[in-house]
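Observations on chain architecture
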Amino acid sequence: MQINAYSNVAIQINNNKLSSQTRESNTQSANSSKNVDKKVLEQLSAIGGKGMSAIYLAEFEQQAFNAVSGSVSAQNGVFDLFNQDNLSKAQGILSGLDFASIGYFGKNPLDMNSSELEDLLSENGFFGVQNTADRIADFVIQGAGDDVEKLKKGIEGMQRGFEEASNLWGGKLPQISQDTMDKALEKVNQRLDELGGKTLDIQI
């Protein structure tokens, strides 16, 4: 990437106006970036195929973790706002959430009235059980493609994300979140079965 940047700079500048000192400096910088790239390649080579695969799977597990933790925390926060329960905690957690990262671009739940919150949690609402479960499951299924091992890592990430959300809220999450995770895991495990993998028995 750095090498390309130097090439672009070189094209834009008239070579006739470059002093020999500037040319030498650019050459040294370009060579330095080549050395950096070589070191990175050597490190990746040392990791080997199995190491790269492990990094790849761990990264996807973290993405699944983030998807679940964010979605379930948001759902529970909206649920608590609606029920006027744990208000200060709900407001604190929701104010720190990046709603866009979980695909929500609507009105901020913190600015909603009771009726609007109820709609958000309803069967057809953004944070309803089925819609939330589908978003989580579809993210993992599409991200894993036909890779059984990657799908399994996604499921593990889902479980960790749910545990993280539970810890964040101080214990067991409400039934709406339990039902959401049950449906999400059911859908992902169904895909795992289709690919010939063994269903993971995940306890939430």
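Residues numbered from 1 in each chain as written. Predicted model: local features only at pLDDT ≥ 70, side-chain atom pairs only at ≥ 80, totals over all residues. Heavy atoms only, no water.

Some remarks on the nonpolar core
In plain terms, the rule: Residues belong to one nonpolar core when they are buried, are Ala, Val, Leu, Ile, Met, Phe, Trp, Tyr or Cys, and are joined through side-chain atoms within 4.5 Å. Classification of residues uses two cut-offs on accessible area relative to the type maximum, computed with a 1.4 Å probe and protein chains only: under 20% is buried, over 50% is exposed, and between them is partly exposed. Secondary structure elements are defined from DSSP: runs of H or I of at least 4 residues count as helices, runs of E of at least 2 residues count as strands, and each element is numbered from the N terminus. Every residue pair with non-hydrogen atoms within 4.5 Å of one another is taken to be in contact.
Formed by 37 residues in total, the largest nonpolar core has its most connected members in Val72, Phe127, Met158 and Val188. Mapped onto this core, the elements with two or more residues apiece are helix H2 (20-83), helix H3 (87-95), helix H4 (114-121), helix H5 (129-144), helix H6 (148-168) and helix H7 (175-194). Per element, the largest residue contribution to this core is seven residues, and it comes from H2. Beyond its immediate stretch of four places on either side in the chain, Met158 contacts Ala64, Phe65, Val68, Ile136, Val140, Met181, Ala184, Leu185 and Val188.

Some remarks on the pattern of salt bridges
The test is simple: A side-chain nitrogen of Lys or Arg and a carboxyl oxygen of Asp or Glu constitute a salt bridge if their distance falls within 4 Å.
Enumeration according to the criterion identifies nine salt bridges in this entry. Here Lys187 ties to Asp134 by a salt bridge, and the two come within 3.3 Å at their closest N and O atoms. With Lys187 in helix H7 and Asp134 in helix H5, this residue pair connects regions lying 53 residues apart in the sequence. A relative accessible area of 29% places Lys187 in the partly exposed class. Between Asp146 and Arg191 there is a salt bridge; the shortest N-O distance is 2.6 Å. Taken together, the residues Asp146 in the loop between H5 and H6 and Arg191 in helix H7 connect sequence positions 45 residues apart. For Asp146, a relative accessible area of 62% translates into the label exposed.

Brief notes about the packing of aromatic side chains
Note the cut-off: For this analysis, a ring pair means two rings from Phe, Tyr or Trp (six-membered ring only for Trp) whose centres lie within 6.5 Å, classed as stacked if their planes differ by under 30 degrees, edge-to-face if by over 60, and tilted for the remaining angles.
For the structure shown, the criterion picks out five aromatic pairs. Ring geometry for Phe60 against Phe139: centres 6.5 Å apart, planes inclined by 15°, an arrangement best described as stacked. With Phe60 in helix H2 and Phe139 in helix H5, the pair connects residues that are 79 residues apart, well separated along the chain. Taken together, a centroid distance of 5.5 Å and an interplanar angle of 45° make the contact between Tyr104 and Phe127 tilted. One end of the pair, Tyr104, is in the loop between H3 and H4; the other, Phe127, is in the loop between H4 and H5, and 23 residues separate them in sequence. Just as Tyr104 is buried, Phe127 falls in that class too. The rings of Phe99, Tyr104, Phe126 and Phe127 are connected pair by pair, giving a single aromatic cluster.

Some remarks on the side chain of Glu61
Filter applied, for reference: Think of a polar contact as two N or O atoms within 3.5 Å of one another; within protein, one of them needs to be a possible hydrogen donor and the other a possible acceptor, and neighboring residues in sequence only count if both atoms come from side chains.
The topology assignment puts Glu61 in helix H2. Among the polar contacts made by the side chain of Glu61, one reaches the side chain of Arg160 at a distance of 3.1 Å.

Describing the environment of Asp147
Along the polypeptide, Asp147 turns up in the loop between H5 and H6. Exposure remark for Asp147: the relative accessible area of 30% places this residue in the partly exposed category. Of the polar contacts made by the side chain of Asp147, one reaches the backbone nitrogen of Lys150; its length is 3.0 Å.

Some remarks on H5
Inclusion rule: Under the convention used throughout, the expected extent of a helix is 1.5 Å for every residue step, that is, one less than its residue count. Throughout, the arc means that of the directions going from the helix axis to the C-beta atoms.
Here H5 spans 23 Å end to end across 16 residues, near enough to the 22 Å set by a 1.5 Å rise per residue. Thr132, Ala133, Ile136, Ala137, Val140, Ile141 and Ala144 are the residues of H5 that are buried. Buried residues of H5 fall within an arc of 155° about the axis and therefore sit on the same side.

Side note on the confidence of the model for the protein chain
For clarity, the threshold we go by: The score called pLDDT rates the predictor's confidence residue by residue, from a low of 0 to a high of 100.
Confidence in the prediction for the protein chain averages 80 pLDDT; 72% of positions are at 70 or higher. Of all secondary-structure elements in the protein chain, the lowest mean pLDDT belongs to helix H1 (residues 2-12), at 34, while H4 reaches the highest, 97. A low-confidence stretch, residues 1-35 stays under pLDDT 50, and its non-local contacts, those more than four residues away or across chains, total twelve contacts.

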